[in-house]
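Given next are the chains, with one letter for each unit.
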Amino acid sequence: RRPIPTTVTPAPPPHVLMFPLPGQGHVTTMLNLAELLCLSNLRVTFLNSDHNHHRLLRFTTVQSRFAIYHQLFSLQSISDGLPSDHPRSGERILDLFQSMSTITRDLFRDLLPSIRPPIDCLISDGALQFPLEVAAEFGIPVVHFRTIGACCFWTYFCIPDMIEAGELPIRGEEDMERLITTVPGTKEFLRCRDLPSFCRSPDLSHPSLQALASATQQSTKACALILNTFEGLEGPILTQIAAHCPKTYTIGPIHEHLRSKLTLQPSSSSSSLWEEDRSCLEWLDRHPPKSVLYVNFGSIAVMTSEDLIEIWHGLVNSKQRFLLVMRQGSVAELGSNTNDTITFPEELVKGVRGEEYMVVSGWAPQKEVLDHGAVGGFLTHSGWNSTLETIVAGVPMICLPYFADQQVNSRFTSEVWKLGLDIKDACTRKVVERMVVELMVERKEDFATSAAKMAELARSSVGFGGSSRQNLEALIEDIRSMKS
Ligand code: UDP
């Protein structure tokens, strides 16, 4: 007689809780990682702020996107402690850190032990300090995820050394060109001007500066660190970081990593928290290859109306085609409830489509715009996600950073990677015009060559045998070993 086979029940997958800082770039990147984890049969609960949870359900197809993973993916939400009409942008983004570290912290402590099945691993945004502290109370291992580049992570990490060496505070405008010597690996090119915006405060006890420095140092206490970057881009800086955070998994560019595994249409992985205006894609269809400069400043930056007017005239005077996308509320005096005190060109207020330019008052499907053959350059605020998306698309950049990590990213983009021009602190119509002509006409071929090389490196890092692909596999093994 043949033996009766015993049925082997497969072990349940590890359960990972993912908790991003409630910002567009953070949510997008973490959702992409969540999908990569589901693809490897890990169970993910994704914790959004209530505010973003509602917007995600309203403006995206996130539920149908993850429906194919059945029980492996679920969404939960928690209050960020701010009233629903708070702008959560510009300088007021700092209120978010304040309210989360008190109100959300307590809610999180109640929530964490109640999630079923119990959490085996928390992947939390390393910009938030309390999740690691709360998870420690329950003995849950924590992996930190930073959605900034290694270049800025490392600069934040070195803030205490800069202070101790007397390199901070910066002594006014005349001190801005001074080279910083206490951020190893950057001595030849990192100036005071290129430090994260919070370092410009004359007050070293400024809460943002202190919070950033201590949150970054806290990553040394996490079980591991995930960075959305790749070795071909930031290898030397990653070597510096590895001395302090030996288990650092670089798995980026994550959006391309996901695309390479799923052969996705970019629109199907959208996680926009605003309604996308897709009409600009049709407008782009009508223009020759690499002839349009795309202009967009991301989800948080708020610029002055003077800056916008200078940018506008610089663009028009450059005589290059452009697509300008302005999010609602992204210009201080153009906010929905305020009275305009400056006369804006009508095109800027209404959003106009002409042959030579298009203005979108809203939100664009950025990854698709960057991948469009008609786009030949990007005037960007140098947010990290925008930087990576532009690198993958092989598009050169003009960098006009506003705050946080953007000052560092723009310096690396221009000086280290040679992928564009940095016009930080010089937003005049003359400079904008000059740089647009340089990027789109005079040095077009040089920049196209370096952008194409880096795009190839980015793609190969997430392809078979690539470093980011291997690091993701190692990360997943690491998480599996945490299953209790
Ligand atoms: N984005 C978009 N449409 C827009 C503006 C931005 O899809 O009109 C996306 C962009 O593709 C990126 C994210 O929003 O993924 C912005 O993240 P980033 O880190 O560049 O900047 P932040 O908004 O955090 O300053």
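To start, this report covers the structure provided alongside it. Everything numeric in this text was worked out from a predicted model, so none of it was measured.

Right, let's talk about the overall build of the protein for a bit. Scanning the protein from N- to C-terminus turns up 19 helices and 13 strands. For 484 residues, the compact-globule estimate of 2.2 N^0.38 gives 23 Å, and the protein sits close to it at 22 Å. Summarising its shape, the C-alpha atoms of the protein cover approximately 85 × 55 × 45 Å along the three principal directions. Across the 484 residues of the protein, 49% fall into the buried class. When contacts within the protein are restricted to residue pairs at least 6 apart in sequence, long-range pairs at least 24 apart make up 70% of them.

Quick look at helix 9 (residues 231-242) now. Along its 12 residues, helix 9 runs just 12 Å from first to last C-alpha, ending more than 12% under the 16 Å computed at 1.5 Å per residue. Along helix 9, the positions that sit buried rather than exposed are L233, E234, I237, L238 and I241. Axial view of helix 9: buried residues confined to an arc of 120 degrees, hence all on one face. Structurally, helix 9 contributes buried residues whose contacts are with helix 6 (150-157), strand 7 (248-250) and helix 18 (444-462).

Attention now goes to the site of the ligand. Not every one of the 20 residues close to the ligand is listed here, only the nearest: G25, G298, S299, G383 and S386. Those elements that place two or more of their residues in the shell around the ligand are helix 1 (24-39), helix 14 (366-371) and helix 15 (384-393). Among the elements that make up the shell around the ligand, the one with the highest residue count is helix 15 (4 residues). In the shell around the ligand, the residues fall into 6 nonpolar, 12 polar and 2 charged.

Here we take up the pairing of strand 11 (residues 375-380). With 6 of its 6 residues buried, strand 11 lies for the most part within the structure. Across 5 bridges, strand 8 (residues 292-296) lies against strand 11 in parallel orientation. When the sheet's bridge partners are listed, V292 is paired in strand 11 with V375. Relative to strand 12 (residues 397-399), strand 11 is paired through 3 bridges, and the arrangement is parallel. Residue pairing across strands places L379 opposite I398, the latter belonging to strand 12. Crossover strand 11 to strand 12 through helix 15 is right-handed.

Bringing the sheet that holds strand 1 (residues 15-19) into the picture now. Each strand in a sheet pairs with its neighbour through backbone hydrogen bonds, running either in the same direction (parallel) or in the opposite one (antiparallel). Pairing within the open sheet is parallel, and its 7 strands lie in the order 3-2-1-4-5-6-7. Each having just a single partner strand, strand 3 (73-78) and strand 7 make up the two edges of the open sheet. Taken over all neighbouring pairs, the strand axes of this sheet differ in orientation by 20 degrees on average, direction set aside. On the sheet, helix 1 packs against strand 1, strand 2 (43-49), strand 3, strand 4 (121-125) and strand 5 (142-146) and is oriented at approximately 165 degrees with respect to strand 2.

Where helix 1 contacts helix 10 (residues 254-262), the axes come no closer than 9 Å and their chain directions differ by 35 degrees. The element helix 1 and its partner helix 10 pack so that their crossing is left-handed. Taken together, the residues of helix 10 that come into contact with helix 1 (itself represented by T29, N32, L33, E35, L36 and L39) are I254, H255, H257, L258 and K261. When its residues are assigned to classes, the contact of helix 1 with helix 10 shows 5 nonpolar, 4 polar and 2 charged.

Once that is clear, we can look at the packing of helix 6 against helix 8 (residues 207-218). Close contact between helix 6 and helix 8 brings their axes to 8 Å; oriented N to C, the two are set at 110 degrees. If you check the angle between helix 6 and helix 8, you find them roughly perpendicular. Taking contact as the criterion, the partners of F153, Y156 and F157 in helix 6 are, on helix 8, L212, A213, T216 and Q217. Across the contact of helix 6 with helix 8, the residue classes break down as 5 nonpolar, 2 polar and no charged.

Pairing is parallel in the open sheet, where 6 strands are placed in the order 10-9-8-11-12-13. Two strands close off the open sheet at either side, each with one partner strand: strand 10 (357-361) and strand 13 (420-422). Direction aside, neighbouring strands of the sheet carry axes that sit 15 degrees apart on average. Sitting on the sheet, helix 16 (residues 406-416) is in contact with strand 12 and strand 13, with an inclination near 130 degrees to strand 13. Together, strand 8, strand 11, strand 12 and strand 13 form the strand contacts of helix 17 (residues 429-442), whose direction differs from that of strand 13 by roughly 165 degrees.

Cut-offs applied
- Residues numbered from 1 in each chain as written.
- Predicted model: local features only at pLDDT ≥ 70, side-chain atom pairs only at ≥ 80, totals over all residues.
- Helix = DSSP H or I, 4+ residues; strand = E, 2+ residues; numbered from the N terminus.
- Rg over C-alpha atoms; globule rule 2.2 N^0.38 Å.
- Buried ≥ 20, exposed ≤ 12 C-beta atoms within 10 Å, placed from the backbone.
- Contact = placed C-beta atoms within 7 Å.
- Expected span 1.5 Å × (residues − 1).
- Arc of directions from axis to C-beta.
- Near = placed C-beta within 6 Å.
- Nonpolar A, V, L, I, M, F, W, Y, C, P; charged D, E, K, R; others polar.
- Pairing = 2+ DSSP bridges.
- Right-handed = clockwise from strand over helix to strand, strands pointing away.
- Axes fitted to C-alpha atoms, helices over the stretch in contact; angles between N-to-C directions.
- Left-handed = near helix turned anticlockwise from the far one by under 90°.
- Parallel < 35°, antiparallel > 145°, perpendicular 65-115°, else oblique.

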